[in-house]
Amino acid sequence: MKISKVEAIPFAIPYRKPLRFASGEVTAAEHVLVRVHTDSGLVGIAEAPPRPFTYGETQASIRAVVDGIFAPQIIGLSPLEREVMHTRLNRTVGNPTAKSALDMAVWDLIGQSLGVSVTDLIGGYTDRMRVSHMVGFAPPGEMVAEAERIRGLYGITTFKVKVGRRPIELDIEVCKALRAGLGDGVELYIDGNRGWTPSESARALRAMEDLDLTFAEELCPADDVLGRRWLVSQSRIPIFADESVSRPGEVTRELLAGAANGVSIKTARTGFTYSQRVLHLCEGLGVEVVMGNQIDGQIGSLCSAAFGAAFELTSRRPAELSNFLDMSDDLLSEPLQITGGTLHVREGAGLAIEIDEDKLAHYRQDG
Ligand code: MUC
Ligand code: MG
């Protein structure tokens, strides 16, 4: 089986309500559907979510790099030649979500050709993931109401609270209101998306010390090299890295620098191949991980769940799999369901992604 064609299809699906956070906001899922065709007729599928505020990629840049550089480099390869594919893709720096979508589509092909799910293929640990929901910026009362709504509708009891860039007092008020409103039975953690300085981070964490936060994610930028080490050395709440650990080398750098205690793994930026390398690096070093969300649609969430469920360490804690709930629609023929706070991995070969072609025709942007 050889790769015969690669499609990069831009599509846009409006959000029901925007997601706002310290580094940006998302009002529509302007993603790129990647389909890797083979001469055997099998087609591997994944999606790339452009996040210019995190990786510099746009919908147009993802299309351009896939069509103009990556597709010619991988057409003719067997899907099993993953290392050859990555060696070629890595001649181009950056473009993590474009590369990852290709990687995941290729793993989808391998699973399909063997008749096994990607989860079973790469680890086979479990068939489900508990879900954590991300609560974006809004006035405190609205953030509490949103968390209560999500708990009521989907049984989710773990919440990631967006903080940073707004007045610190407001973030403290939000976290206190969430703990008071939702009670001790829920798990809370915060994500600053690089919105605070180290001293602001330390001050906010001190004020939140009695709120039983599980951890705090990417409070200040990776370039605050000494400041981040200082923060980790004196924080009683574990500090997790997200934007600063977008590839294995960065994971090594941040962990060895003492600039983080835990790592967010996002299949949208490290696919399945490099997510495994990040996971094994963390495992070897005794470092906790969380399955993060790149504000994925249902295809991306399905990919993230497929990876998370494959391994014990990634299944330990709830994964961020619910951002798609903010979207008004999606492309899957059979929508993902979260019930009792849990998302089940798709049964079926590969990633078992079935696209609703009518919806794709409706939402695609390339005429
Ligand atoms: C997250 O965990 O930070 C927002 C920015 C980004 O890079 O990812 C999202 C969610
Ligand atoms: Mg984050």
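Conventions and cut-offs
- Residues numbered from 1 in each chain as written.
- Chains lettered and ligands numbered in written order.
- Predicted model: local features only at pLDDT ≥ 70, side-chain atom pairs only at ≥ 80, totals over all residues.
- Heavy atoms only, no water.
- Core = buried A, V, L, I, M, F, W, Y, C linked by side-chain atoms within 4.5 Å.
- Buried < 20%, exposed > 50% of the residue type's maximum accessible area, 1.4 Å probe, protein only.
- Domains from an automatic or database assignment.
- Contact = heavy atoms within 4.5 Å.
- Donors = N, O, S within 2.8 Å, 3.2 Å for Na, K, Ca; no water.
- Helix = DSSP H or I, 4+ residues; strand = E, 2+ residues; numbered from the N terminus.
- Buried area = accessible area lost by both parts, 1.4 Å probe.
- Salt bridge = Lys/Arg side-chain N within 4 Å of Asp/Glu carboxyl O.
- Polar contact = N/O pair within 3.5 Å; in protein donor to acceptor, adjacent residues only side chain to side chain.
- Nonpolar A, V, L, I, M, F, W, Y, C, P; charged D, E, K, R; others polar.

S.K.: Looking at this structure, how should I read the nonpolar core?
M.R.: The biggest cluster of nonpolar side chains holds 115 residues, and the ones touching the most others in it are F159, V161, I190, L219 and V263. Residue assignment places this core across two domains, with domain 1 (3-115 + 356-363) and domain 2 (120-344) each supplying three or more. With residues near it in sequence (within four places) discarded, F159 still touches S132, H133, V135, A147, I150, R151, L182, V186, E187, L188 and Y189.

S.K.: I'm lost on the coordination of the magnesium ion (ligand 2) in this one. Help?
M.R.: Each pair of donors in an ideal octahedron of six around a metal sits at 90 or 180 degrees, and each pair in an ideal tetrahedron of four sits at 109.5 degrees. Taken together, D191 (OD), E217 (OE) and D242 (OD) make up the full set of protein donors to the magnesium ion (ligand 2), lying 2.0 to 2.2 Å away. Counting residues between consecutive donors of the magnesium ion (ligand 2) along the chain gives the motif D-x25-E-x24-D. With E217 in strand β7 (residues 213-217) and D242 in the loop between β8 (239-241) and α10 (248-256), this residue pair connects regions lying 25 residues apart in the sequence. Comparing E217 with D242, the two get one shared label, buried.

S.K.: I keep staring at the domain arrangement of the chain and nothing clicks. Help me out?
M.R.: Interfaces are often sized by the accessible area lost when the parts come together. Partitioning the chain into domains gives domain 1 (3-115 + 356-363) and domain 2 (120-344). Each of domain 1 and domain 2 has a C-alpha centre, and these two points are 23 Å apart. Every contact between the two is made by 38 residues of domain 1 and, on the other side, 45 residues of domain 2. Overall, the association of domain 1 and domain 2 removes approximately 3500 Å² of surface from exposure, summing both partners, and the carbon and sulfur fraction of that is 59%. Across the contact surface, domain 1 and domain 2 share four salt bridges. When the shortest N-O distance is used, the salt bridge between K359 and D329 registers 2.9 Å. In this structure, the connection of domain 1 to domain 2 is made through 26 residue pairs in polar contact (both at pLDDT 80 or more). For the side of domain 1 that touches domain 2, a count of residues per class yields 21 nonpolar, eight polar and nine charged.

S.K.: Help me understand the pattern of salt bridges in this model?
M.R.: Side chains carrying opposite charge are able to pair once their charged atoms draw close together. This structure, assessed with the given rule, holds 25 salt bridges. For the salt bridge of E209 with R236, the shortest nitrogen-to-oxygen distance reads 3.4 Å. Remark: R236 occurs in the loop between α9 (225-234) and β8 and E209 occurs in the loop between α8 (198-207) and β7; sequence separation between them is 27 residues. Taking relative accessible area as the criterion, E209 reaches 38% and is therefore assigned partly exposed. A cluster of three or more residues bridged by salt bridges with shared partners is formed by K160, K162, D191, E217 and E320.

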